[in-house]
Amino acid sequence: MPVPSASSDSFRPVPSSLWRDADFRRLWLGQTASQLGEHASLVMLPLLAVLTLDASAGRLGVLRAVGQAPILLLALFAGAWVDRWHTRTTMVLADAGRALALGAVALACLFGRLGMPGLFVLAFAVGALSVFFDVAYQASLVRLVERGQLLRGNSALEGSRSAAQIGGPALGGALVSLLSAPIAAASGALFFALSFLSIRRIRRAEAVPKRPEHPPGVGHRIHEGLRFVARDRVLRAVCLASAAFQFSFAAMMTVYLLFLPRELHLSGTVVGLALAAAGPGALLGSLLAARLPRRFGHGTVLVCAAALGDGMFLCVPALHGSSAATVPALLVVGFVFGFGGQLVNVTIMAVRQAATPDGMQGRAAATITFAGMGLAPLGSLFGGFLAGEWGLRTGLLVAAAGMMLSPVVMAFSPLARLGRELPAPRGGPAGG
């Protein structure tokens, strides 16, 4: 099937009201289901390791690192792929693969064959396919809507991710704790199957940049993406802030998933609820993300929201036991973190998309993902080291303090000086 160029007559921007467009609704529903499955599995797989296989702090750190390693290994390749192919096809294949992988986890649990080696392999497979899905869905919005609709479109899509953050962790924790491991794993597979069915129904032809007659190789396209981001001051600052956050956040979450059940003696259900508290905050953040940057400026919102959200975890090491105040405090921490984090996510994505020409969208997203989340596996390993050598409370405090590096980087970068208008795209290769 020929790939339509950016000027193809078959490409029609969605109507002024995004929700009137059936294809946007299908993308929204598919992304919501996919994110719900992903957030459920992010809690479910570590809890399966901790509660079912009695994994140590070191093994939990390795499991999280294995699931995040594909970001480091495959993100740049995924960006080069997405810039030359249909995002719908990429997302559909990723959903199908993740459904099969979690189905394999369910079968292994059902027949008593689940072990840490198998969990490592399946976590890597889910992580690898998630890399392709996430890069593709970030590029898909740019191909479906006009640039003036990016902030609203991202707000809607990130709002669906917020809804997934509400239900996913709570669902994953509750299923592992109350029902059975096979049901918990199968639930994630069902959500990915729903995403598959929704996204494959998108009918609008994508405005894929026209391929040159003699397209450059994958290595050359990856190098173009790296060079483009490195030379752009705004995108370079996004990379540095993202790297600081993702490394520290991965370390913090590794310790946090051990701190809640073992130090505070919380059940899997309560752990899921504590993690899900970020969802309502993120939903509020996504609703305000379309308004606050235009009122106070994109830079002000980025720095203040990052400092507020990331700083909340500095309060967690002060909690002791499962007292009446512990769970409400954790819910407040999660809510504020979700609110600030979502403001940052929506604003950063709109800035990145607006500053990038169409032919570089996939590679720019992949490069930033690689530079930022590529450090997450190392952060998870560092979190396991902190928990094992320094103790859960001290390790959590160190990792939470590291998260504050991200707003500091933003404050001293061109991001802090962004005003109410989004930056214009800088020139870059249009095709390839």
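In this text, all values refer to a predicted model and were calculated from it rather than measured experimentally.

What about the overall build of the protein chain?
Right, so step 1: Looking only at helices and strands, the protein chain features 17 helices and zero strands.
Right, so step 2: Relative to its full complement of 432 residues, the protein chain shows a buried share of 58%.
Right, so step 3: Put simply, 91% of the contacts in the protein chain that link residues at least 6 apart link residues at least 24 apart.
Right, so step 4: Accessible surface for the protein chain amounts to roughly 16800 Å². Of this, 67% is attributable to carbon and sulfur atoms.

Brief notes about a nonpolar patch on the surface
Right, so step 1: On the surface, a nonpolar cluster with roughly 290 Å² of combined accessible area is contributed by Val-62, Leu-375, Leu-378 and Leu-381.
Right, so step 2: Within the secondary structure layout, Leu-375 lies in the loop between helix H14 (361–373) and helix H15 (376–389).
Right, so step 3: Accessibility expressed as a relative area gives 30% for Leu-375, which makes it partly exposed.

Some details on the nonpolar core
Right, so step 1: In terms of nonpolar packing, the biggest core is built from 35 residues, with Met-252, Tyr-256, Leu-260, Phe-313, Val-316 and Leu-330 touching the most fellow members.
Right, so step 2: Among the elements of the structure, helix H1 (22–52), helix H2 (57–82), helix H8 (233–263), helix H9 (268–276), helix H13 (326–354), H15 and helix H16 (392–403) are those that each provide at least two residues to this core.
Right, so step 3: No other element matches H8, which puts ten residues into this core.
Right, so step 4: Listed in part, the 27 residues of the second largest apolar core include Val-229, Leu-235, Val-238 and Phe-339.

Looking at the packing of aromatic side chains
Right, so step 1: One pass over the full model with this rule turns up six aromatic pairs.
Right, so step 2: Between Phe-382 and Phe-385, the ring centres sit 6.4 Å apart and the planes meet at 20 degrees, which makes this aromatic pair stacked. Of the two residues, Phe-382 and Phe-385 are both situated in helix H15; the distance of three residues between them amounts to about one turn of the helix.
Right, so step 3: For Phe-382, a relative accessible area of 32% puts it in the partly exposed group.
Right, so step 4: Overall, Phe-385 belongs to the partly exposed group, its relative accessible area being 43%.
Right, so step 5: Members of the aromatic cluster, each reached through a chain of ring pairs, are Phe-245, Phe-249, Tyr-256, Phe-313 and Phe-337.
Right, so step 6: A cation over an aromatic ring shows up here: Arg-98 above the ring of Phe-133, its NZ or CZ 4.7 Å from the ring centre.

Describing the confidence of the model for the protein chain
Right, so step 1: On average, residues of the protein chain carry a pLDDT of 79, and 81% of them reach 70 or more.
Right, so step 2: Below a pLDDT of 50 lies the segment residues 1–16, which in the model reaches 37 contacts outside its immediate sequence neighbourhood of four places, other chains included.
Right, so step 3: Taken together, the stretch residues 428–432 has pLDDT below 50 and engages in 17 contacts with residues farther than four places along the chain or on a different chain.

Some points on helix H10 (residues 278–288)
Residues separated by three or four positions in an α-helix point in the same direction, a consequence of the helix having 3.6 residues per turn.
Right, so step 1: Listing the buried residues of H10 in full gives Ala-278, Gly-279, Gly-281, Ala-282, Gly-285 and Ser-286. Projection of H10 onto a plane perpendicular to its axis shows the buried side chains occupying an angular sector of 160 degrees, all on one side.

Some points on the side chain of Asp-95
Right, so step 1: Tracing the sequence through the fold places Asp-95 in helix H3 (residues 87–110).
Right, so step 2: Exposure remark for Asp-95: the relative accessible area of 0% places this residue in the buried category.
Right, so step 3: A polar atom in the side chain of Asp-95 sits 2.9 Å from the side chain of Arg-98.
Right, so step 4: Once residues lying within four places of it in the same chain are set aside, the contact partners of Asp-95 are Ser-34, Phe-133, Phe-192, Ser-195, Phe-196 and Ile-199.

Thoughts on the pattern of salt bridges
Right, so step 1: With the rule as written, the count across this model stands at four salt bridges.
Right, so step 2: The closest approach of N and O atoms between Asp-95 and Arg-98, which form a salt bridge, is 2.9 Å. Taken as a pair, Asp-95 and Arg-98 lie in helix H3 at a separation of three residues, close to a single helical turn.
Right, so step 3: For Arg-98, a relative accessible area of 0% translates into the label buried.
Right, so step 4: Linked by salt bridges that have partners in common, Glu-38, Asp-95 and Arg-98 make up one network.

Some remarks on the environment of Val-105
Right, so step 1: Relative to the elements of secondary structure, Val-105 occurs in helix H3.
Right, so step 2: Classification of Val-105 by relative accessible area gives buried; the value is 1%.
Right, so step 3: Val-105 sits 13 residues away from Gly-118 along the chain, and the two C-alpha atoms are 8.3 Å apart.
Right, so step 4: Once residues lying within four places of it in the same chain are set aside, the contact partners of Val-105 are Leu-45, Leu-48, Leu-122 and Ala-185.

Describing the packing of H2 against H8
Right, so step 1: It is at 10 Å that the axes of H2 and H8 come closest, and there the two elements cross at 140 degrees. Considering their axes alone, H2 and H8 lie oblique with respect to each other. The handedness of the crossing between H2 and H8 comes out as right-handed. Contacts between H2 and H8 involve Ala-57, Leu-60, Gly-61, Arg-64 and Gln-68 from the first element and Ala-250, Met-253, Thr-254, Leu-257, Leu-258 and Arg-262 from the second.
Right, so step 2: Counted by class, the contact of H2 with H8 contains six nonpolar, three polar and two charged residues.

What to know about the packing of H1 against H3
Right, so step 1: Contact geometry for H1 and H3: axes closest at 12 Å, N-to-C directions at 30 degrees. Considering their axes alone, H1 and H3 lie roughly parallel with respect to each other. Note that H1 runs across H3; the crossing there is left-handed. Together, Leu-27, Ser-34, Glu-38, Ser-41, Met-44, Leu-45 and Leu-48 of H1 and Met-91, Asp-95, Arg-98, Leu-102 and Val-105 of H3 make up the contact between the two elements.
Right, so step 2: Grouping the constituent residues of the contact of H1 with H3 by class yields seven nonpolar, two polar and three charged.

The rules behind these values
- Residues numbered from 1 in each chain as written.
- Predicted model: local features only at pLDDT ≥ 70, side-chain atom pairs only at ≥ 80, totals over all residues.
- Heavy atoms only, no water.
- Helix = DSSP H or I, 4+ residues; strand = E, 2+ residues; numbered from the N terminus.
- Buried < 20%, exposed > 50% of the residue type's maximum accessible area, 1.4 Å probe, protein only.
- Contact = heavy atoms within 4.5 Å.
- Areas by Shrake-Rupley, 256 points an atom, 1.4 Å probe, with all protein chains shown as cover.
- Patch = residues over 30% accessible without salt bridge, like charges linked within 9 Å, V, L, I, M, F, W, Y side chains within 5 Å.
- Salt bridge = Lys/Arg side-chain N within 4 Å of Asp/Glu carboxyl O.
- Core = buried A, V, L, I, M, F, W, Y, C linked by side-chain atoms within 4.5 Å.
- Phe/Tyr/Trp six-rings, centres within 6.5 Å; stacked < 30°, edge-to-face > 60°.
- Lys NZ or Arg CZ within 6 Å of the ring centre and 35° of its normal.
- pLDDT = per-residue confidence, 0-100.
- Arc of directions from axis to C-beta.
- Polar contact = N/O pair within 3.5 Å; in protein donor to acceptor, adjacent residues only side chain to side chain.
- Axes fitted to C-alpha atoms, helices over the stretch in contact; angles between N-to-C directions.
- Parallel < 35°, antiparallel > 145°, perpendicular 65-115°, else oblique.
- Left-handed = near helix turned anticlockwise from the far one by under 90°.
- Nonpolar A, V, L, I, M, F, W, Y, C, P; charged D, E, K, R; others polar.

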